[in-house]
Amino acid sequence: MELTRPLYQVAIFLALSCLIGFGSNLARNNSIPWLAQELVLAESIDTNSNEPVLTAISLDQAKSFFDDGILFLDARDEGYYEAGHIKGAMRNLFLFELIFKIEEEQSKSDPLVVYCGDPGCGDSEDLAYDLQAEGFTKLYVFKGGWLEWSEASYPSETGL
Amino acid sequence: MKNILKGPVVILCRIVLGGVFIYASLDKIMHPEEFAKAIGNYHVLPFGLENLLALALPWLELLAGVALIAGVMVDGAAIMVIIMNIVFIFAISQALARGISIECGCFSVTTEGGDNIGFQTIIRDIGYLIMGFIVLYRKDNLFEFYPKSV
């Protein structure tokens, strides 16, 4: 089979769909941003409000949540968790197992902090969105994660 | 086996695939924001690229669907359909493997519930994939208008 012509056609399809798709976004009234927005850092937090939340929090806010006894969830793989994690944090499991375990301790409307390794990792955000899709309504993503927490020498522990 | 790649079977595959892809594109073209969220739920794209994909992909589906039915650039359209289905199968499988239950975002992106991903979604896409290969490796060029058959 000759390949040049089909590939040339593929290029035409790709170029046309980008052109029309992006062009129509410029033309329409309710256009969407070119890139999806990242989670914004919360300025103030009211854990007593009944509004559903999914927001990022800073190290200080995470520490005050920790002091209030709010449940932390480690979104990293088991090996990292074993090497060191925020004291009392729950280990990441298969999603439905994890939900079952969280619900043994609290309801879906109680606040929950999710973190992963460092500000660059996306696992905490991914897990937070997964949990949101499963009906959890108060989710806080601690973007600084284990890196900022351990650098601040806040309470931590090792082992499973 | 060679008969499959000829005449009515190929025409049928083109019409079914074309219809499915045109139908799948319409709701997404009307509601790119909802489609971007549906893509975002799969967690496969970095840097917020889901919005760009949500703008271009539905038009790609529409153009490929129209081209298959109209008999224009059928080779290119078949390759696009094959690539898209491979990507869909990959995205759905990784979501299933991670145990996340999400809306498919395959056809309608605005209705709530009822269209969650599952093994049946993968089977369906494999079906489309096979039809795409039948069209790509067809032995005749019935009802094709551009480019003229070699």
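That block above? That's the structure.
Novice: Is there a simple way to think about the overall build of chain B in this case?
Specialist: Each helix and strand counted, chain B has five helices and zero strands in total. Its helices and strands in sequence order give chain B the pattern α-α-α-α-α, from N to C terminus. In terms of overall dimensions, chain B is globule-like: its C-alpha atoms have a radius of gyration of 16 Å, near the 15 Å expected for 150 residues. By its C-alpha atoms, chain B is 45 × 30 × 25 Å across when sized along the principal axes. Looking at chain B residue by residue over its 150 residues, the buried ones come to 43%. Once local pairs closer than 6 in sequence are excluded, the contacts in chain B between residues at least 24 apart make up 73%.

Novice: Please clarify how the interface of chain A and chain B should be interpreted in this entry.
Specialist: Interface extent is often summarised as the accessible area lost during association of the parts. Each side of the interface is counted separately: chain A has 27 residues, and chain B has 29 residues. Elements with a minimum of two residues in the side of chain A that touches chain B: helix H1 (4–27), helix H4 (95–105) and helix H5 (123–133) of chain A. For the side of chain A that touches chain B, a count of residues per class yields 18 nonpolar, five polar and four charged.

Novice: I tried to follow the packing of helix H3 (residues 50–70) of chain B against helix H4 (residues 74–97) of chain B on my own but got confused; where do I start?
Specialist: Working note: a packed helix pair is described by the angle between its axes plus the distance between those axes. Residues and elements named next belong to chain B. Remark: H3 packs on H4, axes separated minimally by 9 Å, with the N-to-C direction vectors making an angle of 135°. One way to sum up the angle between H3 and H4 is to call them oblique. In the packing of H3 onto H4, the handedness of the crossing is left-handed. Between H3 and H4, the contacting residues are Leu 60, Glu 61, Ala 64, Ala 67 and Leu 68 on the first element and Val 74, Ala 77, Met 80, Val 81 and Met 84 on the second. In terms of residue class, the contact of H3 with H4 is built from nine nonpolar, no polar and one charged.

Novice: What is the right way to look at H3 of chain B in this model?
Specialist: Given 3.6 residues to a turn, an α-helix orients residues that are three or four positions apart in the same direction. Residues and elements named next belong to chain B. With 21 residues, H3 extends 30 Å from end C-alpha to end C-alpha; this agrees with the ideal 30 Å at 1.5 Å per step. Where burial is concerned, most of H3 is hidden: 18 out of the 21 residues are buried. Once H3 finishes, Gly 71 follows within two positions and takes phi at roughly 75°, a positive value.

Novice: Just checking my understanding: could you explain helix H1 (residues 7–30) of chain B for this structure?
Specialist: All names here are of chain B. Its 24 residues place the ends of H1 35 Å apart at the C-alpha level, agreeing with the 34 Å of an ideal helix rising 1.5 Å per residue. Of all the positions in H1, only Val 10, Cys 13, Arg 14, Leu 17, Gly 18, Val 20, Phe 21, Ala 24, Ser 25 and Lys 28 are classed as buried. On its buried side, H1 packs onto helix H2 (32–42), H3, H4 and helix H5 (119–136).

Reading guide: rules and limits
- Residues numbered from 1 in each chain as written.
- Chains lettered and ligands numbered in written order.
- Predicted model: local features only at pLDDT ≥ 70, side-chain atom pairs only at ≥ 80, totals over all residues.
- Helix = DSSP H or I, 4+ residues; strand = E, 2+ residues; numbered from the N terminus.
- Rg over C-alpha atoms; globule rule 2.2 N^0.38 Å.
- Buried ≥ 20, exposed ≤ 12 C-beta atoms within 10 Å, placed from the backbone.
- Contact = placed C-beta atoms within 7 Å.
- Nonpolar A, V, L, I, M, F, W, Y, C, P; charged D, E, K, R; others polar.
- Axes fitted to C-alpha atoms, helices over the stretch in contact; angles between N-to-C directions.
- Parallel < 35°, antiparallel > 145°, perpendicular 65-115°, else oblique.
- Left-handed = near helix turned anticlockwise from the far one by under 90°.
- Expected span 1.5 Å × (residues − 1).

Everything listed is a geometric property; what it means functionally is a separate question.
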